[in-house]
Amino acid sequence: MGFNGICALCLRQGELQESHLLPRALYKHLRDPRQRNQNPVLFSSQSSSQTQDQAKQHLLCVRCETRFNHQGERWTLANYCRAKDDFPLRELLRPHSAQQFTEDFSCYYCDRIPDVDTDSLAYFALSVIWRNSFCAWKIGATSIAQLILGPYQEPLRQYLAGESDLPEGIAIQASISSLLEPALITTFPRMRNQQGCTSSPFQESTS
């Protein structure tokens, strides 16, 4: 059940929903039905434990939750790796040629592959990064480091709310595992400084 407040995205007064930092459906695919305790393992720098807890809090109104779903989550969750033999996004790439940079790294230019919805992928990734930057999150007693986006904070909110285009200076790269059996894991975004650029690696469901 929601409660009345200011939506973090559209900044309008309304009934706030129980928003998830990572989509609720993602946690389902991290469960292992072969085990007695099917819950995913939560790792932190201090400990590890199996838990059904999720990072969630009242943050967005119904309209903005629906926007996040339609603009990014729906396509991404339909195409990410959900099992070792269920990786639709990778299958979309297989018929196409990639540019080989190193023995372990190839690049697909997805603007030439219309079946890959790069707008949805980018929107989804940026929505998670923005949520992680807006406020502090926890899973049980485990705190998740809050991102600091500085001058990108408000422009990114405006982009996600549909009020402006993607801010200049932001680039998204999606990495696809080539392992025969990708590991079903996910990480929360975190900040890195690389060659004068700030990056926020975010890994969804596959290693």
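For clarity, every value in this text was computed on a predicted model and none was experimentally measured. (Residues numbered from 1 in each chain as written. Predicted model: local features only at pLDDT ≥ 70, side-chain atom pairs only at ≥ 80, totals over all residues. Heavy atoms only, no water.)

Considerations on the pattern of salt bridges
Reasoning step 1: If you walk through the whole model with that rule in mind, you get 7 salt bridges.
Reasoning step 2: For E154, the salt bridge identified is with R157, shortest N-O distance 2.7 Å. Of this pair, E154 and R157 both sit in helix 5 (residues 153-160), 3 residues apart, which is roughly one turn of the helix.
Reasoning step 3: Classification of E154 as partly exposed rests on a relative accessible area of 36%.
Reasoning step 4: Looking at R157, the relative accessible area reads 7%, which means it is buried.
Reasoning step 5: A salt bridge links R157 to E163, with the shortest nitrogen-to-oxygen separation between them at 3.2 Å. (Salt bridge = Lys/Arg side-chain N within 4 Å of Asp/Glu carboxyl O. Helix = DSSP H or I, 4+ residues; strand = E, 2+ residues; numbered from the N terminus. Buried < 20%, exposed > 50% of the residue type's maximum accessible area, 1.4 Å probe, protein only.)

Here's the deal with the nonpolar core
Reasoning step 1: C7, L9, A55, L60, W130, L160 and F188 are the most contacted members of the largest nonpolar core, which has 32 residues in total.
Reasoning step 2: When residues of this core are traced back to their parent elements, those giving at least two are strand 5 (56-61), helix 2 (62-79), helix 4 (118-134), strand 8 (137-139) and helix 5.
Reasoning step 3: The element that contributes the greatest number of residues to this core is helix 4, accounting for 6 residues.
Reasoning step 4: Apart from the residues lying within four places of it in its own chain, the contact partners of A55 are S19, H20, L21, Y27, W137, K138, I139, I144 and F188. (Core = buried A, V, L, I, M, F, W, Y, C linked by side-chain atoms within 4.5 Å. Contact = heavy atoms within 4.5 Å.)

Considerations on a nonpolar patch on the surface
Reasoning step 1: A cluster of nonpolar side chains, namely F101, F105 and Y109, defines an oily patch on the protein surface of about 280 Å² accessible area.
Reasoning step 2: Summarising the element assignment, Y109 is placed in the loop between strand 7 (105-107) and helix 4. (Patch = residues over 30% accessible without salt bridge, like charges linked within 9 Å, V, L, I, M, F, W, Y side chains within 5 Å. Areas by Shrake-Rupley, 256 points an atom, 1.4 Å probe, with all protein chains shown as cover.)

Description of the packing of aromatic side chains
Reasoning step 1: Using the criterion set out here, one finds 5 aromatic pairs in the structure.
Reasoning step 2: Centre to centre, the rings of F68 and W130 are 6.3 Å apart; their planes meet at 90°, and the pair counts as edge-to-face. Here W130 lies in helix 4 and F68 lies in helix 2, a separation of 62 residues in the sequence.
Reasoning step 3: Owing to a relative accessible area of 1%, W130 belongs among the buried residues under this scheme.
Reasoning step 4: Taking the centre distance of 5.6 Å and the plane angle of 40° together, the rings of W130 and F134 count as tilted. Taken together, the residues W130 and F134, both in helix 4 and 4 residues apart, mark about one turn of the helix.
Reasoning step 5: Pairwise contacts between aromatic rings join F68, Y123, W130, F134 and Y159 into one cluster. (Phe/Tyr/Trp six-rings, centres within 6.5 Å; stacked < 30°, edge-to-face > 60°.)

Regarding the sheet that holds strand 2 (residues 13-20)
Either a parallel or an antiparallel arrangement is found when strands of a sheet pair, and the pairing is made through backbone hydrogen bonds.
Reasoning step 1: Taken together, 3 strands build an open sheet; the order of strands is 1-2-5 and the sheet is antiparallel. Of all the strands in the sheet, the pair left with one neighbour each is strand 1 (3-6) and strand 5. Across the sheet, the mean angle from the axis of one strand to that of its neighbour is 60°, orientation sign disregarded.
Reasoning step 2: Where strand 2 and strand 5 come together, 4 bridges link them in antiparallel fashion. Each residue of the ladder has a partner; that of S19, found in strand 5, is Q57.
Reasoning step 3: Each of strand 2 and strand 5 is contacted by helix 2, which is oriented at about 100° to strand 5, the strand it contacts most. (Pairing = 2+ DSSP bridges. Axes fitted to C-alpha atoms, helices over the stretch in contact; angles between N-to-C directions.)

Thoughts on the confidence of the model for the chain
Reasoning step 1: With 91% of its residues at a pLDDT of at least 70, the chain reaches an overall mean of 87.
Reasoning step 2: Strand 11 (residues 197-199) is the least confidently modelled element of the chain, averaging 54 in pLDDT, while helix 5 averages 97, the highest of any element. (pLDDT = per-residue confidence, 0-100.)

What to know about the state of the cysteines
Reasoning step 1: With the rule as written, the count across this model stands at 0 disulfides.
Reasoning step 2: Lacking any disulfide linkage, C10 is separated from the closest cysteine sulfur, that of C7, by 3.7 Å.
Reasoning step 3: Given a relative accessible area of 12%, C10 falls into the buried group.
Reasoning step 4: In this structure C64 is not part of a disulfide, and its nearest cysteine sulfur, from C7, lies 3.7 Å away. (Disulfide = S-S within 2.5 Å.)

Considering the pairing of strand 2
Reasoning step 1: As paired elements, strand 1 and strand 2 share 4 bridges and run antiparallel to each other. Directly across from I6, in strand 2, lies its bridge partner Q13.
Reasoning step 2: Between strand 1 and strand 2, which pair antiparallel one after the other, the connecting turn spans 6 residues, and L11 there sits at a positive phi close to 65°.

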